[in-house]
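Reading the structure
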Amino acid sequence: MKIALLGYGRMGKTIEQIAIKRGHNIVLTVDKDDTDYDIKKADVAIDFSIPDVAFNNISNCLNNNVPVISGTTGWLDKYDDALNLCKEKEGAFIYASNYSLGVNIFFELNKTLAKMMSALKQYNVSMEEIHHTQKLDAPSGTAISLADGIISQHEGFDNWKLDENGEKVIPITAKRIENVPGTHTVSYESEVDSISIEHVAHNRQGFALGAVVAAEWIVGKTGVFTMNDVLNIG
């Protein structure tokens, strides 16, 4: 399979290594300042760029009938535009805030726990996420996905806020520490006890592997998909 890498930072280079080990060819690497490239030479594109260029990368793929996997966060104000373009062009698109196979299982565990806790009004929920200092957005896309999962299952909450409490609000604390790939903790606290679930990434390999698996899965398909479709969960 011929893969284009849109974004050639640390994640892009890790994806490249895993893709080659799995027998794929990297036919194009696009850095943030590259604008003159032929996306049509690829069977599929994987976008781990930056928020300012992600939507343009995705649009270029969809306009040229190239399936695209996006893991860039911080651009979701244009997410509906990407979905509409995908449908208009009959393309193929997956966005995930986190491609780690373990994190996507964690997402489902989080929703299950939120549903169980919904009737227990004595528990307050909070979240913490920790990432490397190069991460540009806060809270992380993964933390937002976790918060949205809680809101979908727990009638006690309808919003999240960064470093801020409020009625029906899930407070999220974001920390930036050197060389931390990603840690996410969801905590339920009452006067008598605490319940928490946590996912700790040890390196970037899990994120990169999941993106390559998603790229392998989407080729030949049409539509907007999620990692639940790729993993057949949820």
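All figures in this text were calculated on a predicted structure; none of them were measured in a lab. (Residues numbered from 1 in each chain as written. Predicted model: local features only at pLDDT ≥ 70, side-chain atom pairs only at ≥ 80, totals over all residues. Heavy atoms only, no water.)

Some details on the sheet that holds strand 9 (residues 182-189)
One open sheet holds the 5 strands; their spatial order is 7-8-6-9-10, and the pairing between them is mixed. Since the sheet does not close on itself, it has two edges, and those belong to strand 7 (159-162) and strand 10 (194-201), each with one partner. If you compare each strand with its neighbour and ignore which way they point, the axes differ by 20 degrees on average. (Pairing = 2+ DSSP bridges. Helix = DSSP H or I, 4+ residues; strand = E, 2+ residues; numbered from the N terminus. Axes fitted to C-alpha atoms, helices over the stretch in contact; angles between N-to-C directions.)

Overview of the pairing of strand 10
Summarising the sheet, strand 9 and strand 10 pair through 8 bridges and their orientation is antiparallel. Residue Glu-189 lies in a different strand from strand 10, and its bridge partner there is Ser-194. In this antiparallel pair of consecutive strands, strand 9 and strand 10, the connection spans 4 residues.

Let's talk about helix 3 (residues 79-89)
Listed in full, the buried residues belonging to helix 3 are Ala-82, Leu-83, Leu-85 and Cys-86. Buried positions in helix 3, seen along its axis, are confined to an arc of 165 degrees and lie on one side of it. Facing away from the buried surface of helix 3 by more than 90 degrees, the exposed residues are Asp-80, Lys-87 and Glu-88. Just downstream of helix 3 lies Glu-90, where phi reads positive at about 55 degrees. (Buried < 20%, exposed > 50% of the residue type's maximum accessible area, 1.4 Å probe, protein only. Arc of directions from axis to C-beta.)

Digging into the layout of surface pockets
Here the largest pocket defines a volume of roughly 790 Å³. What lines the largest pocket is a set of 36 residues, and nearest its centre among them are Met-11, Ser-49, His-132, Lys-135 and Arg-204. Listing elements by their share of the lining of the largest pocket, those giving two or more residues are helix 1 (10-21), helix 5 (141-153), strand 9 and strand 10. Of all the elements, helix 1 adds the most residues to the lining of the largest pocket, at 3 residues. Its residues assigned to classes, the lining of the largest pocket comprises 12 nonpolar, 18 polar and 6 charged. When its volume is computed, the second largest pocket comes out at roughly 500 Å³. If you trace the second largest pocket, you find 21 residues lining it, with Tyr-95, Ser-97, Phe-107, Ser-145 and Thr-226 closest to the centre. Listed by contribution, the elements that provide at least two residues to the lining of the second largest pocket are helix 4 (101-117), helix 5 and helix 7 (227-231). (1 Å grid on protein atoms, 1.4 Å probe; cavity = no way out; pocket = protein on both sides within 12 Å on 5 of 7 lines; lining within 4 Å. Points joined across faces, edges and corners; volume = space filled by probe spheres on them. Nonpolar A, V, L, I, M, F, W, Y, C, P; charged D, E, K, R; others polar.)

Some words on the sheet that holds strand 11 (residues 223-225)
A sheet is described by the order of its strands in space; here 6 strands give the open sequence 2-1-3-4-5-11, paired in parallel fashion. Two strands in the sheet have a free side with no partner beyond their single neighbour: strand 2 (25-30) and strand 11. Pairwise comparison of adjacent strand axes, ignoring direction, gives a mean angle of 20 degrees for this sheet. Bridge analysis of strand 1 (residues 2-6) against strand 3 (residues 44-47) gives 4 bridges, and the strand direction is parallel. For Leu-6, the partnering residue across the bridge sits in strand 3 and is Asp-47. Here helix 3 sits on the sheet in contact with strand 5 (92-95) and strand 11, set at roughly 155 degrees to strand 5. (Contact = heavy atoms within 4.5 Å.)

Here's the deal with the packing of aromatic side chains
Within the structure shown, the criterion is met by 6 aromatic pairs. Taken together, a centroid distance of 6.1 Å and an interplanar angle of 55 degrees make the contact between Trp-75 and Tyr-79 tilted. Its relative accessible area of 24% is what places Tyr-79 among the partly exposed residues. Between Tyr-79 and Phe-93 the ring centres are 6.4 Å apart and the planes differ by 45 degrees, which places this aromatic pair in the tilted class. Here the residue Tyr-79 occupies a position in helix 3, and Phe-93 occupies one in strand 5, the gap between them amounting to 14 residues. One aromatic cluster in this structure is built from Trp-75, Tyr-79, Phe-93 and Tyr-95. The ring of Tyr-8 carries the charged tip of Lys-13 above its face, separated from the ring centre by 4.2 Å. Over the face of the ring belonging to Trp-217 we find Lys-221, whose NZ or CZ atom lies 4.3 Å from the ring centre. (Phe/Tyr/Trp six-rings, centres within 6.5 Å; stacked < 30°, edge-to-face > 60°. Lys NZ or Arg CZ within 6 Å of the ring centre and 35° of its normal.)

Keep in mind these values describe shape, not function.
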